[in-house]
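Coordinate inspection notes
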Amino acid sequence: MRMLCPIAAALLFLPGAACRQGEARPKTSFSGDSALSYLRTQVAFGPRIPGTAGHRNAGDWILARMRERADTVVVQSWTHVTARGDSLPLRNILARWRPAESQRVLYVTHWDTRPVSDEATDPARRVMPVPGANDGASGVGLFVALGDALHKVPPTVGVDLLFVDGEDYGDFDKDVDVLLGSRYFADHLPAPDYRPLFGVLWDMIGDAELQIYQEGNSMQNAPEVVDRVWRAAADLGYGQVFIPQGKYTLTDDHVPLQKKGLRVIDVIDFDYPRPAFAGQHAGYHHTPDDTIDKVSARSLQIVGDVALTLVTGT
């Protein structure tokens, strides 16, 4: 994803650091430990760069796990030809619970990883692929663990878990060869009248020092969904993690869906870690340091509790 501008960078250091310590007690049947285990499995496949064995094996694993858990699974497969002329084999995986239900909730995450570490401070490391423990695997871990919970206790509405491919491949500054899966899904919706009640993109939600601010495009284009998610988090006692203030405006997988009229927001911890002033890029995002030691079961538990509560009410 790409940052367009900081909404309020001065808000970075707010009370709430104390909430980073210790373990989150589960508030639902969601298991953060299981989510972390699934995250580890994704990382063990290696970089999930479209066209590589790691990418193919990770996608096969996601598909198998969703077929074990969901009521039905739809696969969207296509080939994307890049600006350089390369052909990328891509697939979106849509796992559905209560597929006949007209009232639905759409959850989105991306499962691919970036082929280059362009934000690494050392130029020699910029050609290395991103391991994607947080940026790629955390959303997958979250969704497979959500599948566990939804398989045991069906949701009160129809639920679609969409794993999009090719989010992180190309050049965000030029808007070339990025957000490929979400753009494809936006152009190939499950039905012409597909309009979920609301949607949430869950991205980079495994950060061990989790603080999630309200993203700019989300607040502008689906403020009622932002309010719904942050109220649910506050009701669960996670108000110091889901911080009800804006900071960044991002180009991410929610944007193509918003352009099609879907009320989808971005739930993302973009500080991974990232400095408090604009224009300086640092931290683990899009670097070889996006590794398993930077994520935690506690963070996954918090986000999973919120995600599950939104579709089950418990």
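Values in this document were obtained by computation on a predicted structure and should not be read as measured data.

**Details of the side chain of Arg48**
By the element assignment, Arg48 lies in the loop between helix H1 (32–44) and helix H2 (53–69). With no salt bridge to any partner, buried Arg48 finds its closest opposite charge in Asp290, at an N-O distance of 7.3 Å. In this structure the side chain of Arg48 is engaged in a polar contact, spanning 2.8 Å, whose partner is the backbone oxygen of Pro131. If near-sequence neighbours (up to four positions away) are discounted, Arg48 is found in contact with Gln42, Val43, Gly54, His55, Ala58, Trp111, Asp112, Thr113, Pro131, Gly132, Gly136 and Ala137.

**A look at the pattern of salt bridges**
Tallied over the full model, the rule gives 17 salt bridges. The residue Arg91 makes a salt bridge to Asp60 at a minimum N-O spacing of 2.7 Å. Of this pair, Arg91 sits in strand E3 (residues 87–97) while Asp60 sits in helix H2; the two residues are 31 residues apart in sequence, bridging distant segments of the chain. Of the residues examined, Arg91 reaches a relative accessible area of 15% and is grouped as buried. Residues Glu68 and Arg69 are paired through a salt bridge, measuring 2.9 Å at the closest nitrogen-oxygen approach. In this structure Glu68 comes out as partly exposed when scored by relative accessible area, which is 45%.

**Observations concerning the sheet that holds strand E2 (residues 72–81)**
The strand order across the open sheet built from 6 strands is E2-E3-E5-E4-E6-E10, with neighbouring strands paired in mixed fashion. Each having just a single partner strand, E2 and strand E10 (264–268) make up the two edges of the open sheet. Ignoring strand direction, the axes of neighbouring strands in this sheet form an average angle of 20°. Strands in contact with helix H4 (residues 180–187) are E2, E3, strand E4 (104–110) and strand E5 (158–164); relative to E2, the strand with the most contacts, it is inclined by about 115°. In this fold helix H8 (residues 297–312) packs onto E4, E5 and strand E6 (198–203), with an angle of close to 165° to the strand it touches most, E6.

**Focus on the nonpolar core**
Among the nonpolar cores identified, the biggest contains 67 residues, and Tyr107, Trp202, Val229, Phe242 and Val267 are the most heavily contacted of them. When residues no more than four places from it in sequence are discounted, the contact partners of Tyr107 are Phe143, Leu146, Asp160, Leu161, Leu162, Phe198, Val200, Trp202, Ala307, Leu310 and Val311. Counting residues in each nonpolar core, the second largest holds 12 residues, with Ala186, Leu257, Leu262 and Val264 among its members.

**A few points about the packing of aromatic side chains**
Taken as a whole and judged by the stated rule, the model has 9 aromatic pairs. With centroids separated by 6.1 Å and ring planes inclined at 85°, the aromatic side chains of Phe185 and Tyr194 adopt a geometry described as edge-to-face. Assigned by exposure class, Phe185 and Tyr194 land together as buried. Above the plane of the ring of Tyr284 lies Lys294, whose end atom (NZ or CZ) is 4.7 Å from the centre.

Calculation criteria
- Residues numbered from 1 in each chain as written.
- Predicted model: local features only at pLDDT ≥ 70, side-chain atom pairs only at ≥ 80, totals over all residues.
- Heavy atoms only, no water.
- Helix = DSSP H or I, 4+ residues; strand = E, 2+ residues; numbered from the N terminus.
- Buried < 20%, exposed > 50% of the residue type's maximum accessible area, 1.4 Å probe, protein only.
- Lys, Arg positive; Asp, Glu negative; His and termini not counted.
- Salt bridge = Lys/Arg side-chain N within 4 Å of Asp/Glu carboxyl O.
- Polar contact = N/O pair within 3.5 Å; in protein donor to acceptor, adjacent residues only side chain to side chain.
- Contact = heavy atoms within 4.5 Å.
- Pairing = 2+ DSSP bridges.
- Axes fitted to C-alpha atoms, helices over the stretch in contact; angles between N-to-C directions.
- Core = buried A, V, L, I, M, F, W, Y, C linked by side-chain atoms within 4.5 Å.
- Phe/Tyr/Trp six-rings, centres within 6.5 Å; stacked < 30°, edge-to-face > 60°.
- Lys NZ or Arg CZ within 6 Å of the ring centre and 35° of its normal.

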